[in-house]
Amino acid sequence: MKKIITSFFISTTVLLAQPTLKEAYKEYFPVGAALSYINYKYYPDEIYEHFNSGVHENALKWESVQEEEGKFNFKRARSIVDFAKSKGVDKFRGHALLWHYQVPDWVFVDDNGNKASLEKVKERLTTHIETVMTEFKGDIYAWDVVNEAISDKPGEQYRNKNDVKRDASGWRQAVKSDQEFEELLAHAFKVAKKVDPNAVLFYNDYSLTVPSKREKTIKMVKRLKELGAPIDGVGEQGHFTIPEFNKEELEKSIKMFTDLGVQFQITELDVSFYAFNDQNRTYKEPTKEMLNKQAQVYKDIFELGRKYKGKVTGITMWGMADDHTWLKDFPVFGRKNWPLLFDEEYKPKVALEEIIEFKN
Ligand code: GLA
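1. Here's the deal with the pairing of strand S8 (residues 263-272)
Most of S8 is tucked away: 9 of the 10 residues are buried. The sheet contact formed by strand S6 (residues 233-236) and S8 spans 4 bridges and is parallel. Its bridge partner being in S8, Gly-233 is matched across the sheet by Gln-263. Across 3 bridges, strand S7 (residues 239-241) lies against S8 in parallel orientation. If you follow Thr-241 over to S8, its bridge partner there is Ser-272. Regarding the hand of the β-α-β motif, the stretch spanning S7, helix H10 (residues 247-258) and S8 is right-handed. The parallel pair S8 and strand S9 (residues 312-317) is bridged by helix H11 (residues 288-307), and the resulting crossover is right-handed.

2. Digging into the site of the ligand
Neighbouring the ligand are the residues Lys-61, His-95, Trp-99, Gln-102, Asn-147, Glu-148, Gln-237, His-239, Glu-268, Trp-318 and Trp-326. Within the side chain of His-95, one N or O atom sits 2.5 Å away from an oxygen atom of the ligand. One of the side-chain nitrogen or oxygen atoms of Gln-237 is found 2.7 Å away from an oxygen atom of the ligand. Contact with the protein chains hides 89% of the accessible area of the ligand, taken as 300 Å² for the molecule alone. A breakdown of the residues in the shell around the ligand according to their chemical character gives 3 nonpolar, 5 polar and 3 charged.

3. Quick word on the packing of aromatic side chains
Throughout the structure, instances matching the rule amount to 25 aromatic pairs. Ring geometry for Phe-29 against Phe-302: centres 6.3 Å apart, planes inclined by 45 degrees, an arrangement best described as tilted. Placement of the pair is Phe-29 in the loop between helix H2 (21-24) and strand S1 (31-35) and Phe-302 in helix H11, with a sequence separation of 273 residues. Each member of the pair Phe-29 and Phe-302 is classed as buried.

4. Here we look at the pairing of strand S5 (residues 200-205)
Most of S5 is tucked away: 6 of the 6 residues are buried. Across the two faces of S5 the burial is the same, with Val-200, Phe-202 and Asn-204 and Leu-201, Tyr-203 and Asp-205 all buried. As paired strands, strand S4 (residues 142-147) and S5 are joined by 5 bridges and run parallel to one another. In the strand pairing of S5, Trp-143 is matched with Leu-201. Bridge count for S5 against S6 is 4 bridges, and the pairing is parallel. The partner of Asn-204 across the bridge, within S6, is Gly-235. This β-α-β element, S5 to helix H9 (residues 211-226) to S6, shows right-handed connectivity.

Quick notes on the rules
- Residues numbered from 1 in each chain as written.
- Predicted model: local features only at pLDDT ≥ 70, side-chain atom pairs only at ≥ 80, totals over all residues.
- Heavy atoms only, no water.
- Buried < 20%, exposed > 50% of the residue type's maximum accessible area, 1.4 Å probe, protein only.
- Helix = DSSP H or I, 4+ residues; strand = E, 2+ residues; numbered from the N terminus.
- Pairing = 2+ DSSP bridges.
- Right-handed = clockwise from strand over helix to strand, strands pointing away.
- Near = heavy atom within 4 Å.
- Polar contact = N/O pair within 3.5 Å; in protein donor to acceptor, adjacent residues only side chain to side chain.
- Areas by Shrake-Rupley, 256 points an atom, 1.4 Å probe, with all protein chains shown as cover.
- Nonpolar A, V, L, I, M, F, W, Y, C, P; charged D, E, K, R; others polar.
- Phe/Tyr/Trp six-rings, centres within 6.5 Å; stacked < 30°, edge-to-face > 60°.

In structure tokens, the structure reads:
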């Protein structure tokens with residue numbers, strides 16, 4: 001009798017076990033996470049098994065693969081892709097080809113130390129895209145061809161050439177007008193499509209749920225299409241916050257972008273405990289109340305992903321677990337934050353359990 005009861009419990013447990021995240025969403029879209037070269041090997045299989053898509057946190061950015069002109073180094077980027085694949089992460093996103101940040105200064109300077117001509121900059125961009133995409137052809141299915149070109153400032157379309165360091169765009173400084181800038185972006189998309197006609201090509205940015213920035217981005221997507229750019233998708237990075245997340249605006253963005261005939265992904269998802277401009281250090285540890293609020297934000301996002309099945313084609317987390325997140329140093333250095341789906345001890349958080357357990 002005892003034996004029968006035991007086996008009943010075992011089989012019930014097996015039957016009731018929650019599916020992994022990737023299993024729960026297999027009919028909808030791939031679920032991914034960013035992998036850092038610092039710790040991608042530390043994560044247990046119990047975390048890897050939830051994801052079927054990956055992206056490099058930093059290892060594929062320009063400064064990582066071509067720090068010096070013509071000297072490409074793919075060692076780190078390659079090892080992450082191969083390792084992830086061995087853990088069942090069989091899809092990968094490529095991040096990012098044209099971005100104003102984490103790109104070396106030499107790209108915008110000529111041999112005499114002067115500002116490089118547009119022709120020179122364009123030639124370097126072409127070589128970079130061709131070399132990087134060729135290296136990962138077949139391994140990477142989607143690329144952030146352009147990242148963060150749109151300006152956050154009212155009345156300004158593209159990130160301005162007059163800004164200083166972090167916000168300046170060497171790309172925007174290399175051209176004379178918005179029109180020339182758009183042509184440069186369109187060129188990047190055309191080169192990318194030529195290298196890998198099967199790749200899905202994205203424009204990627206943050207705050208695309210903010211109406212003013214969304215409008216500017218829609219205008220840009222239309223312009224790029226007019227210029228013949230093969231743009232396939234728009235990625236909202238998804239650096240959301242518990243206090244500010246707005247489900248209605250996210251839904252509007254999904255509708256408005258996909259109405260343009262492009263797909264929509266959330267590409268760098270994390271959900272901060274703090275509003276963007278909050279510089280306080282309110283939380284010493286994640287309270288139950290905050291974790292539940294965070295779970296609600298995650299539920300809203302994944303619910304929209306399911307509702308727009310076929311249009312939302314991926315959700316990617318910006319990290320594996322709360323032990324490693326850029327939000328520990330941004331915007332307040334050394335402040336704790338718990339934005340991801342696994343905690344610092346690699347245990348599943350309530351948010352993970354709730355997005356897996358959906359009814360519709
Ligand atoms: C942006 C970039 C990412 C990353 C994050 C912060 O969203 O697209 O590559 O740098 O900022 O970690």
